[in-house]
Amino acid sequence: MLSLIKIFVSALICIVSTTILHAEETNTDLVSAHGVFVFNTLLFLIGGFLVMWMAAGFAMLEAGLVRSKNVTTQLTKNIALFSIAAIAYFLVGFNLMYPGDGWLITGYLGPIFSLTGLEPVGATAEQIGDLGYASVGSDFFFQLMFCATTASIVSGTIAERMKLWPFLIFTVLLTAFLYPIEASWQWGGGWLSELGFSDFAGSTLVHAAGASAALAGAIVLGPRIGKYKDDGSVNPMPGSNMPLATLGTFILWLGWFGFNGGSQLALGSIGDAADVSRIFTNTNTAAAGGALAALILTQIMYKKIDLTMVLNGALAGLVSITAEPLAPSIGGATLIGAIGGAIVVFAVPMLDKLKIDDVVGAISVHGIAGIWGTIAVIFSGGSFGAQIIGTVSICLFIFILSFVIWYVLDMIMGIRVSEEDELTGLDTTELGMDAYPDFSKS
Amino acid sequence: MKIIIAVIKPFKLEEVREKLTEIGVQGLMVSEIKGYGRQAGHTEMYRGAEYVVNYIPKIRLELVVPDNNVSKATDIISETAKTGKIGDGKIFVLNVEDAIRIRTGETGDNAI
């Protein structure tokens, strides 16, 4: 027994002294240069497929919050927009967002129509541009998911009364051009990043931007028939499937670990690993804070907890922490998320007062909470001026261009279905396929 | 006492209910049904195969009213539920033997 202890202690001394002797060396020597590349790439790949899973989350959430007669259409929009984003980002978006040396207007506009190319098969270290970063494929894969997320925010707001094709055409333009351009201003090394604007994983770049496009659409489209009565009262149109809506929210919550965690952009060192851990923890606690804030508020204000608000609250918490999920303490992140959740409880009825019909609350959750999250970065040392400029410039850019596109689409092909089609339900009129057909077939 | 069975287009329900309330109707039974009359079905496609959709979603209203209110009620339903397009629906009027209010035991017109 004593000899065993001696062996153990001497082994311990060996390990400790080796570690102390090497303490002077840089982190990357402890994980080899190739290891850093592999770990970073791994983070992108895992983060990427987690964010891809958020597409399922959005699909389920929206399917659950629209009425039965519109579910098939909503699902079709979700899978279509994701696929469109994938192609558009490959054809145009990725290089437009990360011009590198290829800016057309430095800091503002990257190269248009530049296809994404990957490293050759079986790439060797010599063929890698930056060994300290990650593979192009993983970078493209990861960033593509963010582009798709932006587009999917729009589909919820304009549900139940928009024709399918105008939405798909808008998505092409949003994912190929609008999103990549505004994101290049920050993550592509453009003028906003020079200004000191800070948006870790995209509270503004993704969420508020998506909400701005959605807001423009909702304004051009108009509210659903019967939603707002002449006397100013609001006619609720409850969703068809609470289990799907809840499932969707949990899926989004899970995917968000990839969304925020992957945005660390590195996993090849102790610091990075610890950082990603902080990000996962803070992301989770912000969602929890948002959910509980909405739960408590709806109990107080409406005397009953509103599940759909709790779901929106959790998402608002996630959106709020997205601008800075690394720096805050767990308590701080919880608070940031809780404020986001509280904001949503007030924002949803406020939009109704303005007669902006947002079917799933996306403008409140992604837009208003997204702006809050971006401003909240000042509590972690961000510059208020830079945060304001970043938020306003991106939201205005997206809103104005989106408004023009929606308006032109409306002129050319009409974006709203006929009154009869809207009342019958889009599933049968746009697609000829009930979501819950039961015995409709002979 | 008569029971009025009305088959109407689903989006007309709220309007019809409001108008019926105005003429003093205090109770309604509503079910979602599928059906067809002379509004025939149409063909759809599912995974490459054609099929005929025979049944169209409708709302079925049932209300029991005293004799003196029957024609007012059927007129109101007719006017409100009408769109002029095919598939507006139908109204049937049947006799009711008796009605009983479970809570108090009242019968007849007092029960409706």
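Since we're looking at a predicted model, the values are computed, not measured.

Chemist: What should I look at first to understand the overall build of chain B in this one?
Modeler: Summing up its helical and strand segments, chain B has 2 helices and 6 strands in all. Reading the helices (α) and strands (β) of chain B from amino to carboxyl end gives β-α-β-β-β-β-α-β. In terms of C-alpha radius of gyration, chain B reaches 17 Å, well past the compact-globule figure of 13 Å for 112 residues. Going through the 112 residues of chain B one by one, you find that 16% of them count as buried. Counted over contacts in chain B with a minimum sequence separation of 6, partners at least 24 positions apart contribute 70%.

Chemist: Just checking my understanding: could you explain the overall build of chain A for this structure?
Modeler: Of the regular secondary structure elements, chain A holds 16 helices and 0 strands. Against the globule reference of 22 Å for 442 residues, chain A gives a C-alpha radius of gyration of 24 Å, in line with a compact fold. Expressed as lengths along the three principal axes of its C-alpha atoms, the size of chain A is roughly 85 × 55 × 55 Å. Per-residue burial over chain A gives 51% buried out of 442 residues.

Chemist: Please explain the pairing of strand S5 (residues 56-65) of chain B as it appears in this structure.
Modeler: The side chains of a regular strand alternate between the sheet's two faces. Residue and element names in this part refer to chain B. In terms of strand pairing, strand S1 (residues 2-8) meets S5 through 7 bridges, oriented antiparallel. Residue pairing across strands places isoleucine 5 opposite glutamate 62, the latter belonging to S5. For strand S2 (residues 29-35) and S5, the ladder comprises 7 bridges, and the chain directions are antiparallel. In the sheet register, serine 31 faces S5, and the bridge partner there is arginine 60.

Chemist: For this particular structure, what's the right way to read the sheet that holds strand S6 (residues 89-95) of chain B?
Modeler: Backbone-to-backbone hydrogen bonds join strands into a sheet, with any given pair of strands oriented parallel or antiparallel. Residues and elements named next belong to chain B. With antiparallel pairing, the 4 strands of this open sheet are ordered in space as S2-S5-S1-S6. Of all strands in the sheet, those bounded by a partner on one side alone are S2 and S6. Shown here is a sheet whose adjacent strand axes are inclined to one another by a mean of 20°, direction ignored. Of the strands in this sheet, S1, S2 and S5 are in contact with helix H1 (residues 13-22), which crosses S5 at around 10°.

Chemist: I would appreciate a short explanation of the packing of helix H11 (residues 307-321) of chain A against helix H13 (residues 362-375) of chain A in the present structure.
Modeler: A packed helix pair is summarised by two numbers, namely the angle formed by the two axes and the spacing between the axes. Residues and elements named next belong to chain A. In contact at an axis separation of 8 Å, H11 and H13 are set at 35° when each is read in the N-to-C sense. Of the two possible hands of crossing, H11 and H13 adopt the one that is right-handed. Residues Asn312, Leu315, Ala316, Val319, Ser320 and Ile321 of H11 form the contact with H13, whose participating residues are Ser364, Val365, His366, Ala369, Gly370, Trp372 and Gly373. Looking at side-chain class alone, the contact of H11 with H13 contains 7 nonpolar, 6 polar and no charged residues.

Chemist: Help me out: how do you make sense of unusual backbone geometry in this one?
Modeler: Most peptide bonds take the trans configuration, and most residues that are not glycine carry a negative phi. Residue and element names in this part refer to chain A. Despite not being glycine, lysine 303 shows a phi value in the positive range, around 65°. Position of lysine 303 among the secondary structure elements: in the loop between helix H10 (270-302) and H11. In the Ramachandran plot, lysine 355 falls in the positive-phi region, its phi being about 60° despite a non-glycine side chain. Structurally, lysine 355 can be placed in the loop between helix H12 (330-353) and H13. Judged by local crowding, lysine 355 falls into the partly exposed class, with 14 C-beta atoms found within 10 Å.

Chemist: How should I be thinking about helix H6 (residues 164-184) of chain A in this particular structure?
Modeler: Side chains of residues three or four places apart in an α-helix project in the same direction, reflecting 3.6 residues per turn. Compared with an ideal rise of 1.5 Å per residue, which puts 21 residues at 30 Å, H6 of chain A spans 29 Å between its outermost C-alpha atoms and is within 8% of the ideal. The largest bend in H6 of chain A comes to about 45°, at leucine 174 of chain A.

Chemist: Hey, could you run me through the packing of helix H5 (residues 136-157) of chain A against H6 of chain A in this one?
Modeler: All names here are of chain A. In contact at an axis separation of 10 Å, H5 and H6 are set at 145° when each is read in the N-to-C sense. The chirality of how H5 crosses H6 is right-handed. Across the interface between the two elements, Cys147, Thr150, Ala151 and Ser155 from H5 touch Phe167, Thr171, Leu174, Thr175 and Tyr179 from H6. Class assignment for the residues of the contact of H5 with H6 results in 5 nonpolar, 4 polar and no charged.

Chemist: Looking at this structure, I do not really get helix H14 (residues 384-413) of chain A. What am I missing?
Modeler: Residue and element names in this part refer to chain A. The end-to-end C-alpha distance of H14 is 43 Å, a good match for the 44 Å that 30 residues give at a rise of 1.5 Å each. Among the residues of H14, those classed as buried are Gln387, Gly390, Thr391, Ile394, Cys395, Ile398, Phe399, Ser402, Ile405, Trp406 and Leu409. Elements in contact with the buried residues of H14: H6, helix H7 (191-195), helix H8 (203-221) and H13. Directly after H14, the chain includes glycine 414, whose backbone phi takes a positive value near 70°.

Chemist: What's the story with the environment of asparagine 241 of chain A in this structure? I'm lost.
Modeler: All names here are of chain A. Structurally, the position occupied by asparagine 241 is in the loop between H8 and helix H9 (242-261). Taking C-alpha positions, asparagine 241 is 40 Å from asparagine 95, a pair spaced 146 residues apart along the chain. Residue contacts for asparagine 241: discarding those within four places in its chain leaves Ala63 and Gly64.

Chemist: Can you walk me through the nonpolar core in this structure?
Modeler: Side chains of nonpolar character tend, in soluble globular proteins, to be buried together. Counting residues in each nonpolar core, the largest one holds 122 residues, and the members touching the most others are Ala85, Ala209, Ala214, Leu318, Ile343 and Val344 of chain A. Top element by residues in this core is helix H3 (residues 33-65) of chain A. It accounts for 14 residues. Residues in contact with isoleucine 343 of chain A, not counting those within four places in the same chain, are Ala316, Ile368, Ala369 and Trp372 of chain A. Counting 12 residues, the second-largest nonpolar core is a separate cluster that includes Ile4, Val65, Ile77 and Ala81 of chain B.

Chemist: What exactly am I supposed to notice about the environment of lysine 19 of chain B here?
Modeler: Residue placement: lysine 19 of chain B occurs in helix H1. Once residues within four sequence positions are removed from consideration, lysine 19 of chain B is found in contact with Ile76 and Thr80 of chain B.

Conventions used here
Residues numbered from 1 in each chain as written. Chains lettered and ligands numbered in written order. Predicted model: local features only at pLDDT ≥ 70, side-chain atom pairs only at ≥ 80, totals over all residues. Helix = DSSP H or I, 4+ residues; strand = E, 2+ residues; numbered from the N terminus. Rg over C-alpha atoms; globule rule 2.2 N^0.38 Å. Buried ≥ 20, exposed ≤ 12 C-beta atoms within 10 Å, placed from the backbone. Contact = placed C-beta atoms within 7 Å. Pairing = 2+ DSSP bridges. Axes fitted to C-alpha atoms, helices over the stretch in contact; angles between N-to-C directions. Left-handed = near helix turned anticlockwise from the far one by under 90°. Nonpolar A, V, L, I, M, F, W, Y, C, P; charged D, E, K, R; others polar. Expected span 1.5 Å × (residues − 1). Bend = angle between axes of the 7 residues up to and from the residue. Core = buried A, V, L, I, M, F, W, Y, C linked by C-beta atoms within 7 Å.

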